[in-house]
Amino acid sequence: MRLIVGGDDDSASALSVSPDPIHPNPLDVTTMDDPPVPNPTQSIRNGNTFALPSSNGSAIEGRASISNGLKQTAPLGNARNSAHIVSRVNLPGTRLFEDSYIDREEFVRLVIQSLKDVGYTESASTLESESGYEMESPEVTFFRRCILDGLWSDAEDCLTSLGVNDEDNLRLARFHISQQKYLELLEMQSVNAALYVLRSELAPLNMDVDELHSLSSLIMCSNADDLKHRAKWDGAKGTSRSTLLSTLQRLISPSVMMPQRRFTALIEQAFTQQRTNCLYHNAPYTPETFSLYTDHHCSREAFPLLTTNILKNHVDEVWNIKWSHDGQYLASASKDRTACIWRIGPEIEPNVRECALEKKLGEHKFTVGCLAWSPDDSILLTSTDPIITLWNAKTGMHIREVNSHDETVSALEWLSDGSGFLSGGLDRKIIFWDAEGAHEDIWIKTGVRVTDLAVAPDLSRMVVIGLEYLPTANPKPTASHQDGQNIGGNGSLQTTVTNSKENRLIIYDFASRTQEASIRLDGELTSVKISQDSRYALVNHAPDEVQLWDLESARMARKFSGQRQGQHVIRSCFGGVDGNFIVSGSEDGNVYVWHRDTGVLLEVLVGHGAGSVNAVAWNPRNERMFASCSDDSTVRIWESPHAALLERETRASQSMQLMEQDGKGKGREACGWVGSSASGSGSSISA
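A quick note: this is a predicted structure, and the numbers were derived from the prediction, not measured.

A.B. asks: Explanation requested: the overall build of the protein in the structure shown.
C.D. replies: Each helix and strand in the protein was counted, giving twelve helices and 36 strands. For the protein, buried positions account for 46% of its 687 residues. Contacts in the protein between residues at least 24 apart in sequence constitute 49% of all its contacts with a sequence separation of at least 6. Carbon and sulfur atoms form 50% of the exposed surface of the protein, whose accessible area is close to 35000 Å².

Shown next, in the form of structure tokens:
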């Protein structure tokens, strides 16, 4: 068919449809008097049967036009209706393609939904007409409107017509609808009406008694804000009705009522799968890194494989390191009774950055074991035996010293809301301190000698690891026994008590301070970290294992093996843009890196000298940088190599190996010297 502009005949509409004439090029469009429109640069096709002449914002006199500007000179009349009179296309079969398992109707309906979601409603209507498939039935559209407009009785009447025939599902759907109705009445301060709904609609459904009691207690709310806070509900004008619709949608067949934004969900699932399959994934979610045109892939060369700086000032083993929250400073704690604050400056040229010792905190009486930065990075905490010291991180000045533990402090954790910090010790006490360290409160007294603890970033849980001593009664005879006979008088049994040891991982609900789980583990536990999404805990376990625990289910999700741990405290961490790397030190002097979701060992990074790599820490602001510390008294900064240096590194690899034979782990004095993952050499910073 072709589009023609009406002439002098009044019987013709302004824009009408007529059968296509035989034309050398069926894609060309002509008017009654105009010459053919050039194809394809000045025509817009609908994909099948006709094309429309177009302009780029300016009008074309005497010709119907579609413009992306605001002005159209030709009167369109009823063109809108006639333009949507498209022939239905009947295709053979039901699959999208002959070699595909995808159902064509499902695919087309999802495309229609997606077009409507992004605002292309005209295109969606055209596709519905051409394919003969509706996105959803009128009953579904009416049900959606009833929920979003609060027409509760009409919404309940629609349930059976939408296929909710199972008695349990029907009762559950009615409960959700009546619950929303009840909350909205309370929000409007219509207490009597809400009470009627509670008694006559919610109670007869015989749902969870505790939930019903919880709903009834909301009648005592003083105002709408109090109601929203206690019910964790955002009101009729918030997202509560949309949330209700999503909840009810789970009870309706997806072929009847498609899940919202289903195509988007499928694409996001594909991205997630691609990210999981990308072992070296370390790129943010952007259109450049996740394109619909190609599969996602990250190169190994983008991973921090190289030592770019070696920080030297400590004169004994370095036991712990912690990054500031802004990623510009690194604190280190050592056996030499000092703590250092290092400034990690910006790059001044590829793989060369200025690093310097900013402050040295040397007023410790004993070895320094723990570190913690305040959320604003203004205060650094250090622990030395039972003493906790607060330092001004900017000036290096001593603020306060607190001493309430009876034994060594083994863990320090600043709360993410800045309200204060926690300390855990071998004396089985976990103490909460205010932000100034002036006031203390026994958070809980555990049954274990705390070796480490971690608090979830969302303050939902706390995980404690430690050693529990259990008294065991052992009966011993006080007289000789032989062949069941007492010899030498009246024999008797005397009970002695000995202690047996159990290593435990304990999960607490942080708000209520109640224990959710206590798990006995064989082997010693030395450190624990919680992922940024507050879902997983990472535990170093001797011998030779790092464990990933799901805090929701209190079950082990994965084990990572390969590193060496038997005698020393080794600390691990999450790494990468999504926390998808597991990084750990090791007693063999290497750094081990695994892929979190698959457990694949990705890298064994060599570079430190003799002794253990005691701790690792990933930069919170730079996904391509982490640090490690070792018994060799140094701290190493690891970064990904710049592309410009990769070729130079390849050419220099043989000569570098010869240069390193006599000095494993010793830093180069020339700034900018970049080594491979096998050598780990970098520039040396000392003070």
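That covers the picture; the talk isn't over yet.
A.B. asks: For this particular structure, what's the right way to read the sheet that holds strand β15 (residues 409–414)?
C.D. replies: Within a sheet, neighbouring strands are paired by backbone hydrogen bonds and run either parallel or antiparallel to one another. Spatially, four strands are ordered β15-β16-β17-β18 in an open sheet, and the strand pairing comes out antiparallel. Both outer strands of the open sheet, β15 and β18 (440–445), are each paired with one neighbouring strand and no more. When the angles between neighbouring strand axes are averaged without regard to direction, this sheet yields 20°.

A.B. asks: It is not clear to me how helix α7 (residues 191–202) should be interpreted in this structure. Could you clarify?
C.D. replies: Here α7 has its buried residues at Ala194, Val197, Leu198 and Leu202. In a view along the axis of α7, the buried residues occupy a sector of 100°, so they form one face of it. What points out from α7, more than 90 degrees from its buried face, is the exposed set Asn192, Tyr196 and Arg199. Residues of α7 that are buried make contact with α6 (167–187) and α8 (209–217).

A.B. asks: What am I meant to see in the pattern of salt bridges here?
C.D. replies: For side chains of opposite charge, pairing can occur when their charged atoms come near one another. Under the defined criterion, the tally for this structure stands at 27 salt bridges. Here Glu407 and Arg449 are joined by a salt bridge, their closest N and O atoms 3.2 Å apart. Separated by 42 residues along the polypeptide, Glu407 in the loop between β14 (398–402) and β15 and Arg449 in strand β19 (residues 449–455) bring together distant segments of the chain. Glu407 gets classed as partly exposed once you look at its relative accessible area, which sits at 31%.

A.B. asks: In this structure, what is going on with the sheet that holds strand β8 (residues 329–334)? I would like to understand it.
C.D. replies: An order of β7-β8-β9-β10 is seen for the four strands of this open sheet, with the pairing classed as antiparallel. At either margin of the open sheet sits one strand with a lone partner, and together these are β7 (318–323) and β10 (352–361). Along the sheet, successive strands turn relative to each other by an average axial angle of 25°, direction set aside. In terms of strand pairing, β8 meets strand β9 (residues 339–349) through five bridges, oriented antiparallel. Paired with Tyr329 across the two strands is Arg343, which belongs to β9.

A.B. asks: What should I look at first to understand the pairing of strand β33 (residues 613–618) in this one?
C.D. replies: Consecutive side chains of a regular strand alternate in pointing toward one face of the sheet and then the other. Of all six residues that make up β33, six are buried, and the element is covered over most of its length. Summarising the sheet, β33 and strand β34 (residues 625–630) pair through five bridges and their orientation is antiparallel. Each residue of the ladder has a partner; that of Val613, found in β34, is Ser630. Remark: six residues form the turn of the hairpin made by β33 and β34, two consecutive strands paired antiparallel.

A.B. asks: Help me understand the packing of aromatic side chains, please; the structure alone is not making it clear to me.
C.D. replies: Working definition: an aromatic ring pair is given by the centre-to-centre distance plus the angle between the planes. Enumeration according to the criterion identifies 14 aromatic pairs in this entry. Each ring, one from Phe107 and one from Phe263, has its centre 5.9 Å from the other, and the planes form 80°; the classification is edge-to-face. Taken together, the positions of Phe107 in helix α2 (residues 104–118) and Phe263 in helix α11 (residues 262–277) put the pair 156 residues apart, joining distant regions of the chain. The partly exposed category is assigned to Phe107, whose relative accessible area is 29%. When its relative accessible area of 22% is taken as the criterion, Phe263 is described as partly exposed. Ring centres of Trp443 and Tyr508 lie 5.8 Å apart, and the angle between their planes is 90°; this geometry places the pair in the edge-to-face category. Of this pair, Trp443 sits in strand β18 while Tyr508 sits in strand β23 (residues 493–509); the two residues are 65 residues apart in sequence, bridging distant segments of the chain. Of the two residues examined, Trp443 and Tyr508, each falls in the buried class.

A.B. asks: What should I look at first to understand the environment of Thr289 in this one?
C.D. replies: If you trace the backbone, Thr289 turns up in the loop between α11 and β6 (306–312). For Thr289, a relative accessible area of 23% puts it in the partly exposed group. In contact with Thr289, not counting residues within four places along its chain, are Ala283, Pro284 and His296. One polar contact links the side chain of Thr289 to the main-chain carbonyl oxygen of Pro284, over a distance of 2.6 Å.

A.B. asks: Got a minute to help me understand the confidence of the model for the protein in this structure?
C.D. replies: Detailed reading of the predicted coordinates is not advisable wherever pLDDT is low. Summary statistics for the protein give a mean pLDDT of 82 and a share of 77% for residues scoring 70 or more. Counted against residues more than four places away or in other chains, residues 480–489, with its pLDDT under 50, gives six contacts. Confidence drops under pLDDT 50 across residues 663–681; counting only partners more than four residues distant or on other chains, this segment forms 73 contacts.

A.B. asks: I tried to follow the nonpolar core on my own but got confused; where do I start?
C.D. replies: Soluble globular proteins tend to bury their nonpolar side chains together. Ranked by internal contacts, the top residues of the largest apolar core, which has 19 residues, are Phe143, Ile147, Leu159, Ile177 and Leu248. Mapped by element, the contributors of at least two residues to this core are α4 (138–149), α5 (152–158), α6 and α10 (240–249). Considering each element in turn, this core owes the most residues, four residues, to α4. Beyond its immediate sequence surroundings of up to four residues, Leu159 is in contact with Phe143, Val164, Leu170, Ala173, Arg174 and Ile177.

A.B. asks: I tried to follow the side chain of Asp434 on my own but got confused; where do I start?
C.D. replies: Locating Asp434 in the fold gives a position in strand β17 (residues 429–434). Although Asp434 lies buried, it forms no salt bridge, and the closest oppositely charged side chain, Arg400, sits 6.2 Å away as judged by the N-O distance. At 2.7 Å, the side chain of Asp434 forms a polar contact with the backbone nitrogen of Gly437. A polar contact of 2.8 Å, which involves the side chain of Asp434, links it to the backbone nitrogen of Ala438. Not counting chain neighbours up to four residues away, the residues in contact with Asp434 comprise Ser419, Gly420, Phe421 and His439.

A.B. asks: Can you walk me through the packing of α2 against helix α3 (residues 121–131) in this structure?
C.D. replies: The description of two helices packed together rests on the angle between their axes and the distance between the axes. Their axes nearest at 7 Å, the elements α2 and α3 cross at an angle of 160°. As the angle between them shows, α2 and α3 are arranged roughly antiparallel. Both α2 and α3 take part in a crossing whose hand is left-handed. Every residue of α3 that contacts α2 at Val108, Val111, Ile112, Leu115 and Lys116 is listed here: Thr121, Ser123, Ala124, Leu127, Glu128 and Ser131. Residues that form the contact of α2 with α3 fall into these classes: six nonpolar, three polar and two charged.

A.B. asks: Can you help me understand the environment of Leu148 in this one?
C.D. replies: Within the fold, Leu148 resides in helix α4. Between the C-alpha atoms of Leu148 and Ser240, which are 92 residues apart in sequence, the distance is 9.3 Å. Beyond its immediate chain neighbours, meaning those up to four positions away, Leu148 contacts Arg241, Ser242 and Leu245.

A.B. asks: In this structure, what is going on with unusual backbone geometry? I would like to understand it.
C.D. replies: For the bond running from Ala542 to Pro543, omega is 10°, close enough to zero to count as cis. Along the polypeptide, Pro543 turns up in the loop between β26 (536–541) and β27 (545–550). Despite not being glycine, Arg337 shows a phi value in the positive range, around 70°. Within the fold, Arg337 resides in the loop between β8 and β9. Residue Arg337 is classed as partly exposed on the basis of its relative accessible area of 44%.

Each value, and the rule that gives it
Residues numbered from 1 in each chain as written. Predicted model: local features only at pLDDT ≥ 70, side-chain atom pairs only at ≥ 80, totals over all residues. Heavy atoms only, no water. Helix = DSSP H or I, 4+ residues; strand = E, 2+ residues; numbered from the N terminus. Buried < 20%, exposed > 50% of the residue type's maximum accessible area, 1.4 Å probe, protein only. Contact = heavy atoms within 4.5 Å. Areas by Shrake-Rupley, 256 points an atom, 1.4 Å probe, with all protein chains shown as cover. Pairing = 2+ DSSP bridges. Axes fitted to C-alpha atoms, helices over the stretch in contact; angles between N-to-C directions. Arc of directions from axis to C-beta. Salt bridge = Lys/Arg side-chain N within 4 Å of Asp/Glu carboxyl O. Phe/Tyr/Trp six-rings, centres within 6.5 Å; stacked < 30°, edge-to-face > 60°. Polar contact = N/O pair within 3.5 Å; in protein donor to acceptor, adjacent residues only side chain to side chain. pLDDT = per-residue confidence, 0-100. Core = buried A, V, L, I, M, F, W, Y, C linked by side-chain atoms within 4.5 Å. Lys, Arg positive; Asp, Glu negative; His and termini not counted. Parallel < 35°, antiparallel > 145°, perpendicular 65-115°, else oblique. Left-handed = near helix turned anticlockwise from the far one by under 90°. Nonpolar A, V, L, I, M, F, W, Y, C, P; charged D, E, K, R; others polar.

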